[in-house]
Amino acid sequence: MTVFFDEQEQSSRDSLDLFVFALLSLCLPFFSIGSISLGEGGFAGFFVDRSQPLNFEIAIPLSIVFILLSLFLIYRRSPLIEKRKKLHIVYFLFAIFIASRFFGIFLYPYENPSFTFSSEIYGSSATVEYVFSIRDRFLSLLQDCCFGIYFLLVFGYFQTFGKKASTAANVFLCGLVVLALAAFAYTCLSQPEVLSNNIQAALGKEGHYLKPLTSFTGHKNSYGFLLTLGCFSSLILFAKKPNPITPLLAVLFMLNCFLCLSRTATHLCFCALVLVLYLYPFFGFKTHSVYATICFVLAVLFSLVLAYIFTREEGSPLHRYITDLIRDMSDMGTVDSRKKHWDTAFTMMNSGFYQLFGYGRIPFYNLYRDYQIAIHAEMGVVTSHNGLIEIFMHFGFIGVFLSVIVVLFLFYTILRQLPKSDLGLTLIYFFVFVLLLVHFYFEPRFFTLDEGSTILLLGAFVFPCLRDYQDHVLKEA
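Every value quoted in this text rests on a predicted model; they were computed, and no experiment measured them.

Visitor: When you look at the overall build of the protein in this model, what are you seeing that I'm missing?
Guide: Looking only at helices and strands, the protein features 17 helices and 4 strands. Relative to the 2.2 N^0.38 estimate, which gives 23 Å for 477 residues, the radius of gyration of the protein is 24 Å and therefore close to what a compact globule would have. When the backbone C-alpha atoms are referred to their principal axes, the protein occupies close to 70 × 65 × 40 Å. Classification of the 477 residues of the protein by burial places 50% in the buried group. In the protein, the proportion of contacts linking residues at least 24 apart, taken out of those at least 6 apart, comes to 73%. For the protein, the exposed surface amounts to about 22200 Å²; the carbon and sulfur share of it is 69%.

Below is the structure:
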């Protein structure tokens, strides 16, 4: 039964419940980053061991608090649910996930847990083992339950929050922009020589070559990921309320993706900016004619510049500079390396049980690491380097099935907004959604992956998209 509160009481409930939801969001990364220890070095003095679950002394109290706060939130928001059938579907999918994790974790072998895998790429086979202790099984199940509960809240109860949730989603987008700016500022302070060298290299100065920039993330692709989220968030904020600042920030982030040598991030940001530049004059002219006209002029100028560059003689310095730049950014070496990771991970799925339930995050990490060592594979990363494959490795076909449902639902929410919402905003949601899916194809991230950056992905796309779906579609219906 749906219960309605007066406006003041509803506002008070929303404020408290959003605060609780924010606390739960802050807890989410801890369930998927691994064991934490202190010491000199690392990031801010913290070391993370992804081969182990979260520390027992942290995981137990954190999980108890997380579950209690979640139950509190469910109790508070349940009276506001209008479509019970949809909520029942969410609970049914949640039950499937929890049951699959229970069977996947506790039916993992207890004695002689050895596995033999064969790699055609490296032309060798290896037998590796990982002993999954009872304590680690219990911790893994507990953390998977908390992870699943969070998505139950997102897709089952997030719709019940009022206007303050829309404000909170916008604040999250602004926070991602600030985070990307902070990463850029840190780079300027910590790696000024490398940044200066890369700028000179980008301008074509002889004797200078692009070198990786990492900021405080420790890796150029992680830095590029933060810049990508900053770029996408800036474009969404621009579509929500056109202004001259956010597009300039998006350009800044794209240029820094190039300077930090993160090719995937550069391509994604460049595609997003080009799509907005060429299409915004058509879908934004009716409501924001000034900005649409500016985009049209810039698109014409950009087209003229491209035409000028590619009609120059092949031996001209400008033509040679641009073609060299395109060749460098189109280097397929990293893609070939990723394909080896994909194929190596797939060779581990040689059993129907693991194809259905997956190995779980902790066993997969240990087995994959030892497998790569045994066959003398490339050891740059200990992931499959593909978001959906990573879900397959962790959660099996059941996890892939649930993740595909999430993707289809998000796609549905975008389509439903087309006739109801601002066309520019809806199309930018669509561009960002497609580009994120491309990102997941090359990087070990996904909306539903038990990985530390998942909360950033939810804040960069899922939360604002769901809120606009709620505000522009469900409320009008």
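Okay, back to it.
Visitor: Could you clarify how one ought to interpret the packing of aromatic side chains in this entry?
Guide: To describe a pair of aromatic rings, you give the distance between the ring centres and the angle between the ring planes. Under the defined criterion, the tally for this structure stands at 50 aromatic pairs. Pairing Phe 31 with Phe 66 gives two aromatic rings, centres 5.1 Å apart and planes at 85°, and the pair type is edge-to-face. Of the two residues, Phe 31 sits in the loop between helix 1 (7-27) and strand 1 (35-43) while Phe 66 sits in helix 2 (residues 56-77), which places them 35 residues apart along the sequence. Summarising the burial analysis for this pair, Phe 31 and Phe 66 share the class buried. Above the plane of the ring of Tyr 110 lies Arg 137, whose end atom (NZ or CZ) is 3.7 Å from the centre.

Visitor: Help me understand unusual backbone geometry in this model?
Guide: One can expect most non-glycine residues to show negative phi and most peptide bonds to be in trans. Backbone geometry at Leu 261 places phi at a positive 70°, although glycine is not the residue there. Look at Leu 261 and you get buried, because its relative accessible area is 16%. The residue His 376 is not glycine, and still its phi comes out positive at about 60°. Its place among the elements puts His 376 in the loop between helix 14 (361-374) and helix 15 (387-417).

Visitor: Honestly, the pairing of strand 3 (residues 114-119) in this entry has me stumped. Any pointers?
Guide: Going residue by residue along strand 3, you find Phe 115, Phe 117 and Ser 119 tucked away on one face and Ser 114, Thr 116 and Ser 118 left uncovered on the opposite face. Direction of pairing for strand 3 relative to strand 4 (residues 124-129): antiparallel, over a ladder of 6 bridges. Looking at strand 4, one finds that Ser 114 is bridged to Glu 129. Between strand 3 and strand 4, which follow one another and run antiparallel, lie 4 residues, and Gly 123 among them has a positive phi close to 60°.

Visitor: Is there a simple way to think about the nonpolar core in this case?
Guide: Soluble globular proteins: nonpolar side chains tend toward being buried together. Core analysis: the biggest nonpolar cluster contains 138 residues, and Tyr 150, Phe 447 and Phe 461 have the highest contact counts within it. For this core, the leading source of residues is helix 4 (residues 134-156), giving 13 residues. When sequence neighbours within four positions are dropped, the list of residues in contact with Phe 461 reads Leu 410, Ile 414, Tyr 429, Val 432, Phe 433, Leu 436 and Phe 447.

Visitor: I'm lost on a nonpolar patch on the surface in this one. Help?
Guide: On the surface, Val 290, Ile 294, Phe 296, Val 297, Leu 298, Val 300, Leu 301 and Leu 304 cluster together into a nonpolar patch covering about 720 Å² of accessible area. The topology assignment puts Ile 294 in helix 10 (residues 289-310).

Visitor: Explain the side chain of Glu 443 here, please?
Guide: Positionally, Glu 443 belongs in the loop between helix 16 (423-442) and helix 17 (454-474). Overall, the relative accessible area of 5% leaves Glu 443 in the buried class. The residues contacting Glu 443, other than those within four sequence positions of it, are Asn 221, Thr 264, Arg 338, His 385, Asn 386 and Gly 387.

Visitor: Mind showing me how you'd approach the environment of Phe 30 here?
Guide: When you line up the elements, Phe 30 lands in the loop between helix 1 and strand 1. Leaving out residues up to four positions away in the same chain, Phe 30 has contacts with Ile 36, Leu 54, Leu 62 and Gln 143.

Visitor: Could you clarify how one ought to interpret helix 7 (residues 220-240) in this entry?
Guide: Structural remark: α-helix, 3.6 residues per turn; residues separated by three or four positions point the same way. Given a rise of 1.5 Å per residue, 21 residues ought to cover 30 Å, and the 30 Å separating the end C-alpha atoms of helix 7 matches this to within 8%. The element helix 7 is largely enclosed, with a buried count of 19 among its 21 residues.

Visitor: How should I be thinking about the packing of helix 2 against helix 4 in this particular structure?
Guide: If you want to describe how two helices pack, look at the angle between their axes and the distance between the axes. For the pair helix 2 and helix 4, interaxial distance at closest approach is 10 Å and the crossing angle is 30°. As judged from the angle between their axes, helix 2 and helix 4 are roughly parallel. Of the two possible hands of crossing, helix 2 and helix 4 adopt the one that is left-handed. From helix 2, Phe 56, Ala 59, Ile 60, Ser 63, Phe 66, Ile 67, Ser 70, Leu 73 and Ile 74 reach across to helix 4, where they touch Arg 135, Phe 138, Leu 139, Leu 142, Gln 143, Cys 146, Ile 149, Tyr 150, Leu 152 and Leu 153. A class-by-class count of the residues in the contact of helix 2 with helix 4 yields 15 nonpolar, 3 polar and 1 charged.

Visitor: I would appreciate a short explanation of the pattern of salt bridges in the present structure.
Guide: Side chains that differ in sign of charge can pair as their charged atoms come close. Enumeration over the complete set of coordinates arrives at 9 salt bridges. With its nearest N and O atoms 3.1 Å apart, the salt bridge here joins Arg 101 to Asp 144. Here Arg 101, found in helix 3 (residues 84-106), pairs with Asp 144, found in helix 4; they are 43 residues apart in sequence, far enough to count as distant. Judged by its relative accessible area of 1%, Arg 101 falls in the buried class. What emerges from the salt-bridge pattern is a single network uniting Asp 14, Asp 17, Arg 76 and Arg 77.

Visitor: How should the packing of helix 15 against helix 17 be read in this particular structure?
Guide: For the pair helix 15 and helix 17, the least separation of the axes is 10 Å and the interaxial angle reads 40°. Here helix 15 is positioned oblique relative to helix 17, judged by the angle of their axes. The two elements helix 15 and helix 17 cross, and the hand of that crossing is left-handed. From helix 15, Phe 409, Leu 410, Tyr 412, Thr 413, Ile 414, Arg 416 and Gln 417 reach across to helix 17, where they touch Phe 461, Val 462, Cys 465, Leu 466, Asp 468, Tyr 469, His 472 and Val 473. Split by residue class, the contact of helix 15 with helix 17 holds 10 nonpolar, 3 polar and 2 charged.

Thresholds applied
Residues numbered from 1 in each chain as written. Predicted model: local features only at pLDDT ≥ 70, side-chain atom pairs only at ≥ 80, totals over all residues. Heavy atoms only, no water. Helix = DSSP H or I, 4+ residues; strand = E, 2+ residues; numbered from the N terminus. Rg over C-alpha atoms; globule rule 2.2 N^0.38 Å. Buried < 20%, exposed > 50% of the residue type's maximum accessible area, 1.4 Å probe, protein only. Contact = heavy atoms within 4.5 Å. Areas by Shrake-Rupley, 256 points an atom, 1.4 Å probe, with all protein chains shown as cover. Phe/Tyr/Trp six-rings, centres within 6.5 Å; stacked < 30°, edge-to-face > 60°. Lys NZ or Arg CZ within 6 Å of the ring centre and 35° of its normal. Pairing = 2+ DSSP bridges. Core = buried A, V, L, I, M, F, W, Y, C linked by side-chain atoms within 4.5 Å. Patch = residues over 30% accessible without salt bridge, like charges linked within 9 Å, V, L, I, M, F, W, Y side chains within 5 Å. Salt bridge = Lys/Arg side-chain N within 4 Å of Asp/Glu carboxyl O. Expected span 1.5 Å × (residues − 1). Axes fitted to C-alpha atoms, helices over the stretch in contact; angles between N-to-C directions. Parallel < 35°, antiparallel > 145°, perpendicular 65-115°, else oblique. Left-handed = near helix turned anticlockwise from the far one by under 90°. Nonpolar A, V, L, I, M, F, W, Y, C, P; charged D, E, K, R; others polar.

Purely spatial values, then, with no claim about function.
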